[in-house]
Amino acid sequence: MSGYLTSGGYAQDAPEVLIWRVPVWMNAGLHGPQQMAEIVAAAADNCAEVPGAYRSNDGALSADLHGSGNVLRLDAGSAGIQKVTVRVEAPDGRARVRQIQRTAADTVTPRMFVSLAGMGLGGASHLRASVTLSPEPKTAPEVSLCQG
Amino acid sequence: MILRYGLAALFCAALFPAPLAAERLTLSFLPPDLPPGDICNRDRERFEETEIQIDDGASQRVLLDDPHRVQLLSREIRNWQRTDPEGAFDFILALIDRKAELEPDYGGTPAVFDRIDTYRLAGRLDALAETGLIQSLTDQIDMLDWSDAVRVARYHLNGLGGTDDPDFARRIIVDRAYMGSAIALEEILRMQLRGEAPEYWTLSAEETAKLAFGGIVGQLDRGICHRAERIAQAYLDGDLLTPDPTLAFAWRKFAADQGGAQAAWRVVEHLLNAAPSQQNRADLAHYLQLAVGNGIVVRPDLIEVIADSGAETEEQLRRILGVDRARAGLETRVSAEPFMELDVRLFDAGIADDSEMLQFLHEIAGLPEAPAQVYTRLAREILLRKGRWTGRDEAIVVLRQAADGGDPEAILLLAELLLVERRSPSVVAEVEALLSGAVTQHGYAPAMEALEALYRCKLPGAPYLDDAEYWAEAARTADVAAVMVSANDLARLDRRYEPEVIARLQSHALAGAARSAALWLQFLQSDVRTPETVLRHWADQVARSNIALETFALQQFDLALTPRARASAAEFVARAYLDIGPAIALEYAITLLEDRGRDPGTASLIGELLEGASLRGEGAAIRLMQRLTSADPVEVFATYAEAVGKRGDFLAQMIAASHVDDATFELYMDRAISMMSCTTKDITEVAEAYLSRDMGAEALRWMRIGQSLPGGHTLAKLRISDAQIAAFGIGLSAAVSSKQPTYEVARGHGDLQRAFYATSVPGSDRFDPTAAARALVLLIGDGTDDGTLWAAKHYRQAVTAVRDQVDAVLSLRGLLAERADTGDLEAQAQLGLLLRDTAEGPDDLAASTQWLRLAARAGHAEAMVDYAVAVGFGIGRDPDSRWALTWLERADAMQTRRARDFIPVFAAMADQ
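This section reports on the structure supplied with the text. All values derive from a computational prediction rather than experimental measurement.

## Points about the overall build of chain B
Scanning chain B from N- to C-terminus turns up 49 helices and two strands. The buried share of chain B, taken over its 912 residues, is 52%. Within chain B, counting contacts between residues at least 6 apart in sequence, those at least 24 apart form 62% of the total. Counting every atom, chain B has about 40,800 Å² of accessible surface; 52% of that belongs to carbon and sulfur.

Laid out in structure tokens, this is it:
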């Protein structure tokens, strides 16, 4: 499902109704909250510019995140994203790192939505997020901030 | 074509075919009546695998020679074929090639069969057809021996041969059967039972079976024990024959008498599991001696050593097994123990730095096709052999390879080892990435729990509650956490009141979780209606896993309620120890200590076990040893300081805290925290370690971490489990609700019963005899049978303060007597017990026994047991143990579990 929702096909021609069959034996919780968060964010795809967000020289995105319900949208153009490492840093230097990796069964697409939930660093209002993609795309990925 | 009737001379002690069942044959096929001998040990070859138990590299021998290398390769091939033939496909073929290089005899037909099996098990049937492997065997089928030819025929029967010619396969099988091939005859018997035998096969199923099993027995050569075990298995698995454990035992006894070590051990197990009245101590000693003398346990190079020191070795096993103890009474529960087939190994107390297994794993990890799990095993072996701390750097290198290869178990271990450097931000970042990657990529739930522990306990400055709760919630959502239930709670789990716990236990057990399998088996044992086949299946599952076996064995001991049951459970823990090895030495020592620690001989054994565990860096053993001996803690630590530094576990590092310099203390604390469980117990240990060095601020921080644990401090929960707390007031299961007349009544009962439970326990904060009595009175007064009888039962168990207040309001005796007079059996039984429990004189006791008699005579099964107890012990009448036995046997026939508790007691009294 995440493969379809992060595909170009969905971005260009999203259906009005989508029926998703989940086998009863499938435990979606095993892969943590990220999978479902990505599906929700990708389905909505309402990533708006966040006021005050800016990109530093090293490509890191700085923004006021207002809580931990935010999602980063990464778009590598035509290249597929297999793995992302996100580092979120508070102004006082505290940092959290999370790695999101597609499973062997996932379809690799150019887009990935990364939930920052649980990386709020104790309510710090201003966070700086940097991402590392694998495989590394030829051009820097487009990074947007969405409300999750 | 020749029918080899000559075989009959070997086995015809008894051969009585019975009429055919639908799919099984009932056949009484006894072993030949031969004098004891040593046939199975004649001219033993070094490469024979069937009778040799391979030690998991726990010995001190360091040079891996080719014969042992071949054995390990064989086992590796089998394991991968069984567990992951598709994922490890190329690796298995590489192992087969390697084995073929080392053993020319294997390199021919046997290797071809192994390759075919690998393709088949991996589901690569088209690729198998393209290899032409089966065709190559088919082309030379006349040169193959009988069993190989039949094996090829089976491929064709199953459509694997690339040709669809089942008639060809049947002809091959029938031809070999006429030649006297046992395996071909067995195949034909199988066809006959399915109704698919060729028309030109003219013998009946019974005649075919006689020839097949006679052929399996075959010649009296050293393979006879292995073949006898095949027949024993046929009588156990129920595939061809109607199961008959007695005949299976007879075949094993036969094999043991002919020198079969494994069979002798099986006989020992059988005798250990027998009821006391059927136990033959002389037989037990005899077969134990045979098992040890014939080399159960060990590799061929140790057999001679054991033979040379037979008496000492046997004595060692006797001590471990505790077989000299007097026993009385009987088992009280259905038991799966008789179905456990365990191994037995001898091992050294210490651990050598090197091992054949370590060398072997290095070798196979060097194969380019090696799966990631091989690297993980190699890393674990390095940590075991060299010590967790001295081998850490080497293990990390190997684990990185395993993690890159996609083994989440390696990722978890790597993260734990890296976390010793938890003060380094770059290391922490790597650990976070590794663990979160294991979750998102591999769906590895333990990594979520590790992340929760990282943020709650392990990072400097913890707890970080937002992060910890995020992962705790994720783990809860995944719902894969092990079901935590104590042995006692497990034994009385009620489908009506704890359906979720039971369902989760079963699901986890079916999914292969080792500990859950053990708990599930315990649950099954608590129900006398559990079929033997079910017990046998789960016993087999538990016996295969060290973790499951350890869990099960220790719970058996916890659940033992009588001296006899305790002795039996202690013996079983001993067997588990012999099977698992040093990993449960400490638990075994604790069991011995609880069971018979005051016995000087046992105390000596406990000392040996603790000494070994201490040398392996197990802090709990060091601590227990110090407490048992009251030795100077400084001296005790000095004795094991090197072991602690090299391989000490969490508790060992804690013990070291007050004995080392500041720099070492900091290192040891980092080590301990990297591997700790984020639980009340470990957190308290860490806090106390800081306190021991007057580091109050850190101790306070750890106390705060303890406060942050979900559900609060363990000690604040009384004896209530998290599951019980979570289930409070959520409603009854459908099974209960459907039996209630109305929802309102059920809710009313539930509330009152809960109120009684909450207020009737002396010593608890909520103890309130007035409230408890009110709940009982209301239940009695609600006019329903259930309410009154429930109240009567709990009134009997209540303390005097509660009873007095109930008595002040109503006469429970009177109410029950009114109903008993109407012929209400349950009321009669309850009244009988009430009179007995609250008797003030002989008249009450006589009346009690009369009511129980009435209920028993009318068919009330539980009353039969209670009446029998009264009769047997002479409560309210003269004692008569024979009459008591009569009633107990009636109750037992009605599947009343308690009856079995008392039968041996009164049987013994009757004998006197």
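## Side note on the side chain of His508(B)
Looking at where His508(B) falls in the secondary structure, it is placed in helix 25 (residues 499-510). In this view, His508(B) contacts Asp479(B), Val480(B), Ala481(B), Ala482(B), Val483(B), Ala513(B) and Ser516(B); residues no more than four positions away in its chain are not counted.

## Topic: unusual backbone geometry
Residue and element names in this part refer to chain B. Here the residue pair alanine 462 and proline 463 is connected by a cis peptide bond, since its omega of 15° sits within 30 degrees of zero. When you line up the elements, proline 463 lands in the loop between helix 22 (445-458) and helix 23 (465-478). At serine 630, a residue that is not glycine, the phi angle is positive and equals roughly 55°. Among the structural elements, serine 630 can be located in the loop between helix 32 (619-629) and helix 33 (633-647).

## Examining the nonpolar core
Residue and element names in this part refer to chain B. Formed by 138 residues in total, the largest nonpolar core has its most connected members in Phe213, Tyr235 and Trp251. Those residues in contact with phenylalanine 213 that sit more than four places away from it in its chain are Leu27, Phe29, Leu189, Ile231, Ala234 and Leu241. Core analysis: the second largest hydrophobic core is formed by 89 residues, Leu505, Ala518, Leu535 and Leu586 among them.

## Some details on helix 4 (residues 109-121) of chain B
Residue and element names in this part refer to chain B. The first and last C-alpha atoms of helix 4 sit 18 Å apart over 13 residues, in line with the 18 Å expected at 1.5 Å per residue. The set of residues buried in helix 4 consists of Ala111, Val112, Phe113, Asp114, Arg115, Ile116, Asp117, Thr118 and Tyr119. Contacts made by the buried residues of helix 4 are with helix 2 (66-83), helix 3 (89-102), helix 5 (125-131), helix 6 (133-139) and helix 7 (146-157). Positive phi appears at glycine 123, one or two residues downstream of helix 4, with a value of about 75°.

## As for the environment of Asn546(B)
Residue and element names in this part refer to chain B. Relative to the elements of secondary structure, asparagine 546 occurs in helix 28 (residues 546-559). Looking at asparagine 546, the relative accessible area reads 40%, which means it is partly exposed. With 30 residues separating them along the chain, asparagine 546 and alanine 576 place their C-alpha atoms 8.4 Å apart. If near-sequence neighbours (up to four positions away) are discounted, asparagine 546 is found in contact with Asp579 and Ile580.

## Remarks on the environment of His794(B)
Residues and elements named next belong to chain B. Take histidine 794: it is sitting in helix 42 (residues 785-797). Each C-alpha atom of the pair histidine 794 and serine 760 lies 9.8 Å from the other, and the pair is 34 residues apart in sequence. When neighbours within four sequence positions are excluded, histidine 794 is seen to be in contact with Phe756, Tyr757 and Leu776. Of note is the side chain of histidine 794, whose polar atom sits 2.9 Å from the backbone oxygen of tryptophan 790.

## Let's talk about the state of the cysteines
Throughout this description, disulfide means a covalent bond between two cysteine sulfur atoms. All names here are of chain B. For the coordinates displayed, the defined rule picks out one disulfide over all chains. There is a disulfide in this structure between cysteine 457 and cysteine 678, and the S-S distance comes to 1.7 Å. Taking the sign of the S-S torsion, about 60° here, the bridge from cysteine 457 to cysteine 678 comes out right-handed. You can see cysteine 457 sitting in helix 22 and its partner cysteine 678 sitting in the loop between helix 35 (662-675) and helix 36 (680-692), a full 221 residues away along the chain.

## Remarks on the packing of aromatic side chains
Two aromatic rings are characterised by how far apart their centres lie and by the angle between their planes. Under the criterion given, the structure shown has 20 aromatic pairs over all chains. Consider the rings of Tyr470(B) and Trp471(B), whose centres lie 5.0 Å apart with planes at 85°: the pair is edge-to-face. One exposure class covers both Tyr470(B) and Trp471(B), and it is buried. Ring geometry for Phe902(B) against Phe906(B): centres 6.3 Å apart, planes inclined by 25°, an arrangement best described as stacked. Of this pair, Phe902(B) and Phe906(B) both sit in helix 49 (residues 897-911), four residues apart, which is roughly one turn of the helix. Overall, Phe902(B) belongs to the partly exposed group, its relative accessible area being 23%. Exposure remark for Phe906(B): the relative accessible area of 0% places this residue in the buried category. Sitting over the ring of Tyr464(B), Arg96(A) keeps its end group 4.8 Å from the ring centre.

## Brief notes about a nonpolar patch on the surface
On the surface, a cluster of nonpolar side chains totalling about 1,000 Å² of accessible area is made up of Met1(A), Tyr4(A), Leu18(A), Trp20(A), Val22(A), Val24(A), Trp25(A), Met26(A), Met36(A) and Val40(A). When you line up the elements, Val22(A) lands in the loop between helix 2 (8-12) and helix 3 (33-44).

## A word on the pattern of salt bridges
Where charged atoms from two side chains of opposite charge approach closely, those side chains can pair. The final tally for this structure, using the stated rule, is 47 salt bridges over all chains. The shortest N-O distance in the salt bridge between Arg392(B) and Glu421(B) comes to 2.9 Å. Here the residue Arg392(B) occupies a position in helix 19 (residues 392-404), and Glu421(B) occupies one in the loop between helix 20 (408-418) and helix 21 (425-442), the gap between them amounting to 29 residues. Taking the relative accessible area as the measure of exposure, Arg392(B) reaches 10% and is therefore buried. Linked through salt bridges whose partners overlap, the residues forming this network are Asp45(A), Arg73(A), Asp75(A) and Arg111(A).

## Brief notes about the packing of helix 18 (residues 372-386) of chain B against helix 20 of chain B
Residue and element names in this part refer to chain B. Two elements in contact, helix 18 and helix 20, have axes separated by 10 Å at closest approach and are oriented at 35°. In this structure, helix 18 crosses over helix 20, and the sense of that crossing is left-handed. Along the contact surface, helix 18 presents Thr376, Arg380 and Leu383, while helix 20 presents Glu409, Ala410, Leu413 and Leu417. Broken down by class, the residue content of the contact of helix 18 with helix 20 amounts to four nonpolar, one polar and two charged.

Conventions used here
- Residues numbered from 1 in each chain as written.
- Chains lettered and ligands numbered in written order.
- Predicted model: local features only at pLDDT ≥ 70, side-chain atom pairs only at ≥ 80, totals over all residues.
- Heavy atoms only, no water.
- Helix = DSSP H or I, 4+ residues; strand = E, 2+ residues; numbered from the N terminus.
- Buried < 20%, exposed > 50% of the residue type's maximum accessible area, 1.4 Å probe, protein only.
- Contact = heavy atoms within 4.5 Å.
- Areas by Shrake-Rupley, 256 points an atom, 1.4 Å probe, with all protein chains shown as cover.
- Core = buried A, V, L, I, M, F, W, Y, C linked by side-chain atoms within 4.5 Å.
- Expected span 1.5 Å × (residues − 1).
- Polar contact = N/O pair within 3.5 Å; in protein donor to acceptor, adjacent residues only side chain to side chain.
- Disulfide = S-S within 2.5 Å.
- Phe/Tyr/Trp six-rings, centres within 6.5 Å; stacked < 30°, edge-to-face > 60°.
- Lys NZ or Arg CZ within 6 Å of the ring centre and 35° of its normal.
- Patch = residues over 30% accessible without salt bridge, like charges linked within 9 Å, V, L, I, M, F, W, Y side chains within 5 Å.
- Salt bridge = Lys/Arg side-chain N within 4 Å of Asp/Glu carboxyl O.
- Axes fitted to C-alpha atoms, helices over the stretch in contact; angles between N-to-C directions.
- Left-handed = near helix turned anticlockwise from the far one by under 90°.
- Nonpolar A, V, L, I, M, F, W, Y, C, P; charged D, E, K, R; others polar.

Coordinates in, geometry out; function isn't part of it.
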